[in-house]
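Chain and residue survey
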Amino acid sequence: MSTENLPQSPEQPPRKPRVAVVFGGRSSEHGISMVTAGAVLRAIDRTKYDVLPIGITRDGRWALTADEPERMAITDRRTPTVEELAESHDGAVVLPVDPASREVVYSEPGSVPKALGEIDVVFPVLHGPYGEDGTLQGLLELSGVPYVGSGVLASAVGQDKEYMKRVFTSFGLKVGPYVVIRPREWERDASAARKKIIDFAGEHGWPLFVKPARAGSSIGITKVDDIGGLDEAIAEAQRHDPKILVEAAVRGREIECGVLEFENGPRASVPAEIPPPDAHAYYDFEAKYIDSTPGIVPAPLTDEQTAEVRRLAVDAFEAASCEGLVRADFFLAEDGEFVINEINTMPGFTPISMYPQMWQASGISYAELVDRLIQAALRRSTGLR
């Protein structure tokens, strides 16, 4: 569906496409989603699109929120919440479940439901489970509403680091050593599950990175230098996900590359390098979002290395059947080979985030990037494709 094909009556001028920006959510990345949403709301061209901000509270309620992006920023090292912007503590926004209708309804207890009009595309800037992992995408497919970003399968693959790595390996992309501990393994024999990690460390050495298998923004990740810190790291990862992933350290440089869907297919941006942050053990949540550790854009690579990482980023995009956008994260190992760490199907998207910075350096401004993503979603139908 393109902008030109939007429904209109002969008596009225063509209406602007209506974009619902959906943010917040039930994951531990709620606050970062808010920050991303604020940047997107500021960037959307209001002369070209009508905008409806919808926030999902931490308990899962869809709330009508104020269109005030200036309130969606990190202040005093604290991220905002949907609850702070919701117009009501009880009201709820309801998406259509009938593909023949895109009418959004708002209801409050004791009041007559109010129609908010039709939406033409959803821009879901949710990070983590219950938003970036295919669950919201499935709801939008059932509703017949186009949306920005990857579909159900690619979103799920991009969220679950175990299956992401399995997909990449099957397509010939190199990944680093890792081991997964599933919830049932802890339930059956916690000692055996712990020994599995210790045996992995014996094979690959310390340090290890202990992570929630299905989370992002470096939340819940611990760098473990020896066995003494292992139990605390496991407990921290399990606070965010009962399934954990343990990775061996890959010694080398951290390189990122953005992929964007154009009319004729995906293209890669210039890459960026994430230098080791001075005040942090690694590029963790605070280094990314609180202290805003700057990346180097473009990355100081040879022409051959730049071409190779751009090719691999597009290969990763295609391997997972992604759409719209992806940030692909690599290590340039000491042997000169690129090792893919992960992809993000809805990466951090503030103007200081690496994905927009890489495209800015590639000649596409933040506002143009937002517009391209909306237009790509409007061109694409829901359903099998």
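Above: the structure in question.
Structure report, in brief. (Residues numbered from 1 in each chain as written. Predicted model: local features only at pLDDT ≥ 70, side-chain atom pairs only at ≥ 80, totals over all residues. Heavy atoms only, no water.)

All right, on to the nonpolar core then. Ranked by internal contacts, the top residues of the largest apolar core, which has 36 residues, are Val21, Val40, Ile44, Phe123, Phe349, Val370 and Ile374. Mapped by element, the contributors of at least two residues to this core are β1 (18-24), α1 (30-43), β7 (121-124), β12 (252-262), α10 (354-361) and α11 (366-379). With seven residues, α11 is the single largest residue contributor to this core. Once you skip the residues sitting within four places of it in the chain, Phe123 turns out to touch Val19, Ala20, Val21, Val22, Val40, Val148, Met346, Val370, Leu373 and Ile374. Within the second largest apolar cluster, 29 residues are counted, among which are Ala154, Met164, Ala299 and Phe330. (Core = buried A, V, L, I, M, F, W, Y, C linked by side-chain atoms within 4.5 Å. Buried < 20%, exposed > 50% of the residue type's maximum accessible area, 1.4 Å probe, protein only. Helix = DSSP H or I, 4+ residues; strand = E, 2+ residues; numbered from the N terminus. Contact = heavy atoms within 4.5 Å.)

Moving on, we come to the sheet that holds strand β3 (residues 62-64). Ordered by their spatial adjacency, four strands build an open sheet running β3-β2-β1-β7, and the pairing between neighbours is mixed. Since the sheet does not close on itself, it has two edges, and those belong to β3 and β7, each with one partner. With direction set aside, neighbouring strand axes in the sheet form an average angle of 30°. The pairing of β1 with strand β2 (residues 50-56) spans seven bridges and is parallel. Residue pairing for β2: Arg18 is matched across the bridge by Asp50. Along the sheet, α11 contacts β1 and β7; its crossing angle with β7, the most-contacted strand, is approximately 130°. (Pairing = 2+ DSSP bridges. Axes fitted to C-alpha atoms, helices over the stretch in contact; angles between N-to-C directions.)

The next point concerns the pattern of salt bridges. In this structure the tally under the stated criterion is 31 salt bridges. Here Arg15 ties to Glu118 by a salt bridge, and the two come within 3.8 Å at their closest N and O atoms. Here the residue Arg15 occupies a position in the segment before β1, and Glu118 occupies one in strand β6 (residues 114-118), the gap between them amounting to 103 residues. Look at Arg15 and you get partly exposed, because its relative accessible area is 31%. Glu83 is the partner of Arg58 in a salt bridge, and the nearest nitrogen-oxygen pair spans 3.5 Å. (Salt bridge = Lys/Arg side-chain N within 4 Å of Asp/Glu carboxyl O.)

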